[in-house]
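Topology and contacts: notes
Below are the chains, spelled out letter by letter.
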Amino acid sequence: MHLADFQQEAAAFIPRVFLGILFLFQGYDALFRLGIPAVVETFEFPLMNKGVPRFILIFGSWYTSLAKFIGGILLILGLFTPFALYILGLDLIFVALTFGLMRPLWDMQFVFPRLVLLIYLLLIPDEWNTFSLDALIRLFLS
């Protein structure tokens, strides 16, 4: 075996863990450093002026914060990876809707790279994802 034999595995592992770290720390920050009330407060004025009900804002703040935190952990571990990618994809859609309502021409510099990595991870074959708990579970179940 040569190091070059692990290119596909590295092509799955590196972006998965990288994306997981990005989401984990953003979710951690929202949940434990800022707190959900501060997240709600940040978006409350601009979105309520657009007619968004407060309960949707509160639900969205909880969903996006938990999705990022839990989804990030799952990606880092490589556990339930497709599920984690789906909940994080929905998070990105929610973020795009939110920022689109606030400012139609918003800066996508932080969101777009995450979207590209997420789509990449959805498209690569499961067989590449061998450095993960998902692969370990598949091994024991087969």
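Report follows, based on the coordinates. (Residues numbered from 1 in each chain as written. Predicted model: local features only at pLDDT ≥ 70, side-chain atom pairs only at ≥ 80, totals over all residues. Heavy atoms only, no water.)

Our next topic: the overall build of the protein. Each helix and strand in the protein was counted, giving six helices and zero strands. Starting at the N terminus and walking to the C terminus, you meet the elements of the protein as α-α-α-α-α-α. Projected onto its principal axes, the C-alpha positions of the protein cover 60 × 30 × 25 Å. By residue count, 39% of the 142 residues in the protein fall in the buried class. Sequence separation of 24 or more characterises 72% of the internal contacts of the protein that already satisfy a separation of 6 or more. Here the protein carries 8 positive and 10 negative side-chain charges, and the mean point of each set is 10 Å from the other. (Helix = DSSP H or I, 4+ residues; strand = E, 2+ residues; numbered from the N terminus. Buried < 20%, exposed > 50% of the residue type's maximum accessible area, 1.4 Å probe, protein only. Contact = heavy atoms within 4.5 Å. Lys, Arg positive; Asp, Glu negative; His and termini not counted. Charge placed at Lys NZ, Arg CZ, Asp CG, Glu CD.)

Attention now moves to helix H1 (residues 7–34). Taking 1.5 Å per residue, 28 residues should reach 40 Å; H1 reaches 39 Å between its end C-alpha atoms and fits that length. Remark: the principal bend of H1, roughly 25 degrees, maps to Tyr 28. Those residues of H1 that are buried are in contact with helix H2 (36–48), helix H3 (54–77), helix H4 (81–102) and helix H5 (111–123). Immediately beyond the C-terminal end of H1, within one or two residues, lies Gly 35, with a positive phi of roughly 95 degrees. (Expected span 1.5 Å × (residues − 1). Bend = angle between axes of the 7 residues up to and from the residue.)

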